[in-house]
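One-letter residues, chain by chain:
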Amino acid sequence: MSNLKTLFTEKEIKVRVKELGKSLEEKFKDREPTAICILTGSFMFYSDLIRALNIDLTCEFLGVSSYKDKKVSSGEVAVTLDLEVPLQNKDILLIEDLVDSGLTMNYLIEMLKTRNPRSLTTVALLLKPKALKVPCKIDHVGFEIENDFVVGYGIDFAGQYRNLPYLATIKD
């Protein structure tokens, strides 16, 4: 793994996830949100974040794909696993690993809004502001980063690197 450069250490990620958890816990203290994990890259962030929330919640999973083993998004979002529960009048916590173009997140927000939730709160571990192709509002962001390709902590490149406990960029 000599082709990787550490971006955020395991410790830095844990600290930030706990901070996000405290902020979200305060927001949802009197509610029971449905936390939706965007598969597959978000699974580690999702599991750590929901464990950092000392509130009642339900867990759901939504699979989408827009990269198809490439380093840039295709711009086309394919739903690979849909939700099995109705969202009407529920407080939704949408948890994503990385927002770069903004296209996938905006697609997901619009799709979920059609299901009439009471509220929809977005959280992303990583945001690449310089890569946004469309305006995209994220309510809670772990880290803002440059427009580099990132792996680790659940995020892969062609199925590799998901198991890393830290986030790294791939050196060319």
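Structure: above.
Residues numbered from 1 in each chain as written. Predicted model: local features only at pLDDT ≥ 70, side-chain atom pairs only at ≥ 80, totals over all residues. Heavy atoms only, no water.

Caption draft 1: Up close: the packing of aromatic side chains. Across all of its chains, the model carries 3 aromatic pairs by this definition. Ring geometry for Phe8 and Phe143: centres 3.8 Å apart, planes at 20°, overall stacked. A residue pair is termed long-range when its members are at least 10 positions apart, and Phe8 in strand E1 (residues 4-8) and Phe143 in strand E7 (residues 140-144) qualify at 135 residues. A relative accessible area of 14% means that Phe8 is categorised as buried. The exposure class of Phe143 is buried, given its relative accessible area of 13%. When the centroid spacing of 5.5 Å and the interplanar angle of 80° are considered together, the rings of Phe149 and Phe157 count as edge-to-face. (Phe/Tyr/Trp six-rings, centres within 6.5 Å; stacked < 30°, edge-to-face > 60°. Helix = DSSP H or I, 4+ residues; strand = E, 2+ residues; numbered from the N terminus. Buried < 20%, exposed > 50% of the residue type's maximum accessible area, 1.4 Å probe, protein only.)

Caption draft 2: Highlighting the side chain of Lys128. In this fold, Lys128 is placed in the loop between strand E6 (119-127) and E7. No salt bridge is formed by the buried Lys128. Its closest oppositely charged neighbour is Asp100, at 4.3 Å. Among residues more than four places away in sequence, those in contact with Lys128 are Leu98, Val99, Asp100, Ile145, Glu146, Asn147, Asp148 and Phe149. (Lys, Arg positive; Asp, Glu negative; His and termini not counted. Salt bridge = Lys/Arg side-chain N within 4 Å of Asp/Glu carboxyl O. Contact = heavy atoms within 4.5 Å.)

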